[in-house]
Amino acid sequence: MSYRLKDFRRIATRYDKFARNFLSAVSSPPLSRSGLKDAMLLDNEERFMAVKRIIANIAAPQPEAARSFYCDILGLEAVMDHGWIITFAAPEVDTRPQVSIASEGGSGTAVPDLSVEVDNLDEVQQRIKSAGLELEYGPVNEPWGVKRFYVRDPFGRLINVLSHSGPA
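Residues numbered from 1 in each chain as written. Predicted model: local features only at pLDDT ≥ 70, side-chain atom pairs only at ≥ 80, totals over all residues. Heavy atoms only, no water.

## What about the nonpolar core?
Moving on, step 1. Tyr70, Leu74, Val124, Ile159 and Val161 are the most contacted members of the largest nonpolar core, which totals 18 residues.
Moving on, step 2. With 4 residues, helix H3 (residues 67-73) is the largest single contributor of residues to this core.
Moving on, step 3. Beyond its immediate sequence surroundings of up to four residues, Leu74 is in contact with Phe69, Val116, Val124, Arg127 and Val161. (Core = buried A, V, L, I, M, F, W, Y, C linked by side-chain atoms within 4.5 Å. Buried < 20%, exposed > 50% of the residue type's maximum accessible area, 1.4 Å probe, protein only. Helix = DSSP H or I, 4+ residues; strand = E, 2+ residues; numbered from the N terminus. Contact = heavy atoms within 4.5 Å.)

See the structure below:
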């Protein structure tokens with residue numbers, strides 16, 4: 001039988017981790033269920049997969065036409081541009097990836113294609129007005145604690161621009 005050094009390293013690493021987990025278990029208070037699961041992980045191969053981000057892809061014949069809306073109005077940066085695809089991003093924020101599945105947009109409105117949360121809704125509304133765009137809905141304080149409005153991007157996608165405001 002031939003063994004590779006990599007195999008011995010893996011066995012030794014697992015043994016070390018297992019011994020460390022055993023020693024910490026007998027020398028510390030009982031772990032919660034989630035803490036126990038973390039302590040029992042032997043290496044990265046056995047971890048659960050985590051979603052790091054979710055990216056909305058909008059089909060458009062001329063992606064460049066989005067630049068003024070998404071950069072100038074919403075304040076995003078073009079972080080990647082290959083001509084056929086342009087990715088716009090906000091500065092890093094501490095948030096979790098989300099996907100919303102809806103039968104309506106709330107308050108009897110259509111389901112928007114995208115929801116964009118901003119820190120200054122009034123400023124974005126002023127930019128929209130300056131750009132000559134019309135709001136499709138709002139601005140309105142909703143009963144679930146957001147102030148929002150709808151506007152269409154250059155490709156006709158319905159964009160829900162919102163800010164958390166507290167209950168109406």
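That was the structure; now back to the text.
## Considering the packing of aromatic side chains
Moving on, step 1. Considering all chains together, one arrives at 3 aromatic pairs under this definition.
Moving on, step 2. With centroids separated by 5.6 Å and ring planes inclined at 20°, the aromatic side chains of Tyr70 and Phe88 adopt a geometry described as stacked. You can see Tyr70 sitting in helix H3 and its partner Phe88 sitting in strand E2 (residues 86-89), a full 18 residues away along the chain. For the pair formed by Tyr70 and Phe88, the shared burial category is buried.
Moving on, step 3. Each ring, one from Tyr137 and one from Tyr150, has its centre 5.4 Å from the other, and the planes form 55°; the classification is tilted. Here the residue Tyr137 occupies a position in strand E4 (residues 135-141), and Tyr150 occupies one in strand E5 (residues 146-152), the gap between them amounting to 13 residues.
Moving on, step 4. Taken together, the ring pairs connect Phe69, Tyr70 and Phe88 into an aromatic cluster. (Phe/Tyr/Trp six-rings, centres within 6.5 Å; stacked < 30°, edge-to-face > 60°.)

## Section: the sheet that holds E5
Moving on, step 1. Strand order in the open sheet formed by 4 strands is E3-E6-E5-E4, and the pairing between neighbours is mixed. A single partner strand is all that each edge strand has here, and the edge strands are strand E3 (114-117) and E4. For this sheet, the mean inter-axis angle between neighbouring strands, taken without regard to orientation, is 20°.
Moving on, step 2. Pairing geometry for E5 and strand E6 (residues 158-164), over 7 bridges, is antiparallel. Note on E6: the bridge partner recorded for Val146 is His164.
Moving on, step 3. The strands that helix H4 (residues 121-130) touches are E4, E5 and E6; relative to E5, the one it contacts most, it runs at about 20°. (Pairing = 2+ DSSP bridges. Axes fitted to C-alpha atoms, helices over the stretch in contact; angles between N-to-C directions.)

## Some thoughts on unusual backbone geometry
Moving on, step 1. Geometrically, the link from Gly138 to Pro139 is a cis peptide bond, its omega value of 10° lying close to zero.
Moving on, step 2. On the secondary structure map, Pro139 appears in strand E4.
Moving on, step 3. In this structure, Ser107 takes a positive phi of about 55° despite not being glycine.
Moving on, step 4. Its place among the elements puts Ser107 in the loop between E2 and E3.
Moving on, step 5. On the accessibility criterion, Ser107 (43% relative accessible area) is partly exposed.

## Some details on a nonpolar patch on the surface
Moving on, step 1. Together, Met49, Val51, Ile54, Val99 and Ile101 make up an exposed nonpolar region whose accessible area comes to about 580 Å².
Moving on, step 2. With respect to the element layout, Met49 can be found in the loop between helix H2 (33-40) and H3.
Moving on, step 3. We classify Met49 as exposed; its relative accessible area is 69%. (Patch = residues over 30% accessible without salt bridge, like charges linked within 9 Å, V, L, I, M, F, W, Y side chains within 5 Å. Areas by Shrake-Rupley, 256 points an atom, 1.4 Å probe, with all protein chains shown as cover. Salt bridge = Lys/Arg side-chain N within 4 Å of Asp/Glu carboxyl O.)

## A short note on the side chain of Glu142
Moving on, step 1. Position of Glu142 relative to the elements: it lies in the loop between E4 and E5.
Moving on, step 2. Here Tyr137 takes part through its side chain, which lies 2.7 Å from a polar atom of the side chain of Glu142. (Polar contact = N/O pair within 3.5 Å; in protein donor to acceptor, adjacent residues only side chain to side chain.)

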